[in-house]
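Spelled out from the first residue to the last, the chains are:
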Amino acid sequence: KDMLPGCHYPDLHGLFRDTGVADILIQSFLPRHAMLFEKTGIQVLWFTVDYFLTLGSNITSLPFIACLWDLCFLWGPRALFSGFLAMLDLYFEIPRSDKEPKGESEDD
């Protein structure tokens, strides 16, 4: 409740707020994902609903979740959003194009 205020309210206003923040973070830190999502019409909300409502617990293994939750209790929402970006990058990997110059990817 304190980690994601408003996410579990009937109107889900906190979820929509956090989805907007997540969208900006994706554009900033995972630009290839952002371009692919825009090109294919994938909405960030499709990823954030499960992640923010369950704090990632239905997506990955228990040891990973335990570490993520520990970081969330230590660092608060910053860790939660970082975990979202990490999970998105891990589970929605975008192959590097042969035409992409080395050093211009998100990994470098």
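All of these numbers come straight from a predicted model, not from anything done at the bench.

**Student:** Quick question: what am I supposed to make of a nonpolar patch on the surface here?
**Tutor:** Side chains of I59, L90 and Y91 sit close together on the surface and give an oily, nonpolar patch of about 300 Å² of accessible area. Here L90 is to be found in helix α5 (residues 77-91).

**Student:** It is not clear to me how the confidence of the model for the protein should be interpreted in this structure. Could you clarify?
**Tutor:** Close inspection of predicted coordinates is inappropriate for parts of the model with low pLDDT. In the predicted model, the protein carries a mean pLDDT of 82, and 79% of its residues have values of at least 70. When mean pLDDT is compared element by element in the protein, helix α2 (residues 31-40) scores highest at 94, while helix α3 (residues 45-54) scores lowest at 86.

**Student:** Explanation requested: α5 in the structure shown.
**Tutor:** If you check α5, its first and last C-alpha atoms are 21 Å apart, about what 15 residues at 1.5 Å a residue would give, namely 21 Å. Residues of α5 that are buried: A79, L80, F81, G83, F84, L85, M87 and L88. Next to the buried residues of α5 lie α1 (13-29), α2, α3 and α4 (62-75).

**Student:** Would you mind showing me how to read the pattern of salt bridges here?
**Tutor:** Opposite charge on two side chains makes pairing possible when the charged atoms of those side chains draw close. A full pass over the atoms with the stated rule returns 1 salt bridge. Salt-bridge contacts for D18 lead to R17; the nearest nitrogen and oxygen are separated by 3.0 Å. Take D18: its relative accessible area is 5%, and that puts it in the buried class. With relative accessibility at 38%, the residue R17 sits in the partly exposed group.

**Student:** Would you mind going over the packing of α1 against α5 with me for this structure?
**Tutor:** Two quantities define a packed helix pair, namely the angle between the axes and the distance from one axis to the other. Here α1 crosses α5 at 55 degrees, and the two axes come no closer than 11 Å. Classified by the angle their axes make, α1 and α5 are oblique. In the crossing of α1 with α5, the sense of the turn from one axis to the other is right-handed. Across the interface between the two elements, D18, V21, A22, L25, I26 and F29 from α1 touch F81, F84, L85 and L88 from α5. Split by residue class, the contact of α1 with α5 holds 9 nonpolar, no polar and 1 charged.

**Student:** What is the right way to read the nonpolar core from this model?
**Tutor:** In globular proteins that are soluble, nonpolar side chains generally tend to be buried together. The biggest cluster of nonpolar side chains holds 19 residues, and the ones touching the most others in it are A22, I26, Y51, F52, L68, F84 and L88. Those elements that place two or more of their residues in this core are α1, α2, α3, α4 and α5. Among the elements that line this core, the one with the most residues is α5, at 7 residues. Sequence-distant contacts of I26, defined by excluding residues within four places in its chain, comprise P31, H33, A34, F37, V44, F84, L85 and L88.

**Student:** When you look at the packing of α1 against α2 in this model, what are you seeing that I'm missing?
**Tutor:** Taken N-terminus to C-terminus, the directions of α1 and α2 make an angle of 120 degrees; their axes are 5 Å apart at the nearest point. Across from I26, Q27, S28 and F29 in α1, the residues of α2 making contact are P31, H33, A34 and F37.

About the cut-offs
Once a new chain begins, its residue numbering starts again from 1 and follows that chain's sequence as written. Confidence filtering applies because this is a predicted model: local features only for residues at pLDDT of at least 70, side-chain atom pairs given and counted only at 80 or more, and all residues used for totals across whole chains, interfaces and linings. For side-chain calculations, the full set of non-hydrogen atoms in the structure is used, while hydrogens and water are omitted. Patch members must show over 30% relative accessible area and no salt bridge, and they are joined within 9 Å when carrying like charges or within 5 Å when they are nonpolar side chains of Val, Leu, Ile, Met, Phe, Trp or Tyr. Where accessible areas are quoted, they stem from the Shrake-Rupley method and a 1.4 Å probe; at the residue level, only the protein chains shown are allowed to cover. The rule for a salt bridge is simple: a side-chain nitrogen of Lys or Arg has to be within 4 Å of a carboxyl oxygen of Asp or Glu. Note on conventions: DSSP H or I runs of at least 4 residues are helices, E runs of at least 2 residues are strands, and numbering of each starts at the N terminus. A residue's pLDDT is simply how confident the predictor is in it, with values from 0 to 100. Multiplying 1.5 Å by the residue count of a helix minus one yields the expected span of that helix. For each residue, the accessible area found with a 1.4 Å probe, counting protein chains only, is set against the maximum for its type, and the residue is called buried under 20%, exposed over 50%, and partly exposed in between. We call two residues in contact when some of their heavy atoms are within 4.5 Å. Fitted lines through C-alpha atoms serve as axes, helices being fitted only where they are in contact, and the angles separating the N-to-C directions of these axes extend from 0 to 180 degrees. Throughout this description, any angle smaller than 35 degrees is read as roughly parallel, any larger than 145 degrees as roughly antiparallel, any in the 65 to 115 degree range as roughly perpendicular, and the remainder as oblique. For any helix crossing, the convention is left-handed if the near helix is rotated counterclockwise from the far helix by under a right angle, and right-handed if that rotation is clockwise. Three classes are used: nonpolar for Ala, Val, Leu, Ile, Met, Phe, Trp, Tyr, Cys and Pro, charged for Asp, Glu, Lys and Arg, and polar for all others, with Gly counted as polar. The nonpolar core is taken to be a set of buried Ala, Val, Leu, Ile, Met, Phe, Trp, Tyr and Cys residues, with the residues joined through side-chain atoms within 4.5 Å.

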